[in-house]
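Inside the fold
Residue strings, one per chain:
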Amino acid sequence: MNTSRKVEGRQVINKKKPFPLLRYFTITSLTAFVLVGVSLVTFYRQIAVRELTEIGESKNAALTQTFSNVIWPEFAPFLISASDLSADAIRAHPETARLRQVVFEQMQGLSVIKVKIYTLDGKTVFSTEESQIGEDKSENAGFLAARNGELASELTHRDTFSAFEGKIEDRDVISSYVPIQRGDSGVEGVLEVYDDVTPLLENISISQRNIVIGVTVIMVLLYTALFLLIKRADNQIKQQFIEQQQAEEEIQGAYKREEN
């Protein structure tokens with residue numbers, strides 16, 4: 001806005017440009033809209049992935065309960081005693097082959113792609129990937145949580161993965177450490193279940209893209225409406241500025257005429 005002051009009886013007009021309302025609105029509103037849009041999409045994905053992990057963990061826990069009731073009683077004596085055997089001896093044992101067949105039959109048609117069993121000292125006494133039998137997981141945080149009666153799950157992306165039917169690629173997997181319990185007997189072992197959730201995560205990505213499109217359309221419409229409103233206000237401010245400038249120039253001209 002223009003301002004004026006008197007110097008030795010004369011009025012001097014300090015000319016300033018009108019406030020650039022439209023430019024400030026464009027910068028701040030676009031920044032705010034982008035931040036809000038990104039935050040909404042990110043928040044949705046975090047919530048969806050967390051819920052997916054919780055659902056996968058619950059499903060793996062249910063599978064473990066079935067395993068505890070149906071399979072564990074039959075193979076528990078061998079698996080517990082296998083802690084004293086070497087990895088090669090466990091792999092070559094007839095009970096390992098029989099357990100593998102039973103596990104394969106139980107997991108047919110499910111999204112489970114790997115199963116591992118640990119004794120309470122952390123030794124891997126069974127795995128559908130034979131090379132992992134004998135590994136020590138006693139320091140693993142997930143194993144320790146399950147040994148204490150808790151569930152521990154993690155969602156990870158695997159470029160390659162050794163599943164029941166061989167190598168698979170580019171998969172999203174929920175791995176859950178679940179305590180093996182029967183009644184009030186306490187934890188007798190730990191089962192690790194790997195669940196392939198790639199299709200579910202792809203659905204989340206599709207929903208996320210749809211949300212991005214929807215949010216973008218809504219924000220573009222909102223921005224357009226606000227832009228038109230602010231542009232009108234900006235034009236009014238500029239018009240008022242011009243009128244005020246003209247009025248002050250007339251006042252200055254009047255001062256000059258009085259001096260003459």
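Residues numbered from 1 in each chain as written. Predicted model: local features only at pLDDT ≥ 70, side-chain atom pairs only at ≥ 80, totals over all residues. Heavy atoms only, no water.

Remarks on the overall build of the protein chain
Of the regular secondary structure elements, the protein chain holds six helices and seven strands. Walking the protein chain from its N terminus toward its C terminus, one meets helices and strands in the order β-β-α-α-α-α-β-β-α-β-β-β-α. Computed over its C-alpha atoms, the radius of gyration of the protein chain comes to 36 Å, more than 25% above the 18 Å expected for a compact globule of 260 residues. The C-alpha extent of the protein chain, read off along each of the three principal axes, is 120 × 35 × 35 Å. For the protein chain, with 260 residues in total, the buried portion stands at 35%. Within the protein chain, contacts between residues separated by at least 24 positions form 63% of all contacts whose residues are at least 6 apart in sequence. (Helix = DSSP H or I, 4+ residues; strand = E, 2+ residues; numbered from the N terminus. Rg over C-alpha atoms; globule rule 2.2 N^0.38 Å. Buried < 20%, exposed > 50% of the residue type's maximum accessible area, 1.4 Å probe, protein only. Contact = heavy atoms within 4.5 Å.)

What about the confidence of the model for the protein chain?
Residues of the protein chain with pLDDT of at least 70 account for 92%, and the chain-wide mean is 82. Put simply, strand E1 (residues 3–7) is where the protein chain has its lowest mean pLDDT, 46, and strand E4 (residues 124–127) is where it has its highest, 94. Counted against residues more than four places away or in other chains, residues 1–13, with its pLDDT under 50, gives 36 contacts. (pLDDT = per-residue confidence, 0-100.)

Details of the packing of aromatic side chains
Considering all chains together, one arrives at five aromatic pairs under this definition. Relative to Tyr-177, the ring of Tyr-118 has its centre 6.0 Å away and its plane inclined at 25°; by these criteria the two rings are stacked. On the criterion of sequence distance, the pair formed by Tyr-118 in strand E3 (residues 112–118) and Tyr-177 in strand E6 (residues 166–181) is long-range, its members being 59 residues apart. Residues Tyr-118 and Tyr-177 agree in their burial class; the two are buried. Here the aromatic cluster, defined as three or more aromatic residues joined through ring pairs, consists of Phe-33, Tyr-223 and Phe-227. Here the guanidinium or amino end of Lys-114 rests over the ring plane of Phe-161, the centre of that ring lying 4.6 Å away. Just above the ring of Tyr-194 sits the side chain of Lys-114; from NZ or CZ to the centre is 5.2 Å. (Phe/Tyr/Trp six-rings, centres within 6.5 Å; stacked < 30°, edge-to-face > 60°. Lys NZ or Arg CZ within 6 Å of the ring centre and 35° of its normal.)

A word on the packing of helix H2 (residues 72–81) against helix H4 (residues 94–107)
Running from amino to carboxyl end, H2 crosses H4 at an angle of 140°, the nearest separation of the two axes being 11 Å. Considering their axes alone, H2 and H4 lie oblique with respect to each other. Taken as a pair, H2 and H4 cross one another with a handedness that is left-handed. Contacts between H2 and H4 involve Glu-74, Phe-75, Phe-78 and Leu-79 from the first element and Glu-95, Thr-96, Arg-98, Leu-99 and Val-102 from the second. Looking at the contact of H2 with H4 residue by residue, the classes come out as five nonpolar, one polar and three charged. (Axes fitted to C-alpha atoms, helices over the stretch in contact; angles between N-to-C directions. Parallel < 35°, antiparallel > 145°, perpendicular 65-115°, else oblique. Left-handed = near helix turned anticlockwise from the far one by under 90°. Nonpolar A, V, L, I, M, F, W, Y, C, P; charged D, E, K, R; others polar.)

Re the nonpolar core
Note that soluble globular proteins tend to have their nonpolar side chains buried in a common cluster. Grouped together as the largest cluster of nonpolar side chains are 22 residues, with contacts concentrated most on Phe-67, Trp-72, Leu-79, Leu-99, Val-103, Ile-117 and Leu-191. When residues of this core are traced back to their parent elements, those giving at least two are helix H1 (21–70), H2, H4, E3, E4 and strand E7 (187–196). Top element by residues in this core is H2. It accounts for five residues. Filtering out sequence-adjacent residues up to four positions away, Leu-99 remains in contact with Ile-71, Phe-75, Leu-79, Ile-117 and Phe-126. (Core = buried A, V, L, I, M, F, W, Y, C linked by side-chain atoms within 4.5 Å.)

Focus on the pairing of E3
It is a general feature of regular strands that their side chains alternate between the two faces of the sheet. With seven of seven residues buried, E3 is to be regarded as a mostly interior element. The pairing of E3 with E4 spans three bridges and is antiparallel. Its bridge partner being in E4, Lys-116 is matched across the sheet by Ser-127. Connecting E3 to the antiparallel partner E4 that follows it, the hairpin turn spans five residues, and Gly-122 within it adopts a positive phi of roughly 95°. (Pairing = 2+ DSSP bridges.)

Comments concerning the sheet that holds E6
Backbone-to-backbone hydrogen bonds join strands into a sheet, with any given pair of strands oriented parallel or antiparallel. In spatial order, the strands read E4-E3-E7-E6-E5; together these five strands make up an open sheet with antiparallel pairing. For this open sheet the edge positions go to E4 and strand E5 (152–163), each flanked by a neighbour on one side alone. Direction aside, neighbouring strands of the sheet carry axes that sit 25° apart on average. Here nine bridges tie E6 to E7, and the two strands are oriented antiparallel to one another.

Describing a negative patch on the surface
Negative charge collects at one region of the surface, where Asp-84, Asp-121, Asp-136 and Glu-139 lie side by side. Examined against the element boundaries, Asp-121 turns out to sit in the loop between E3 and E4. (Patch = residues over 30% accessible without salt bridge, like charges linked within 9 Å, V, L, I, M, F, W, Y side chains within 5 Å. Areas by Shrake-Rupley, 256 points an atom, 1.4 Å probe, with all protein chains shown as cover. Salt bridge = Lys/Arg side-chain N within 4 Å of Asp/Glu carboxyl O. Lys, Arg positive; Asp, Glu negative; His and termini not counted. Charge placed at Lys NZ, Arg CZ, Asp CG, Glu CD.)

Side note on unusual backbone geometry
Notably, Asp-170 is not glycine yet its phi reads approximately 55°, a positive angle. Within the fold, Asp-170 resides in strand E6.

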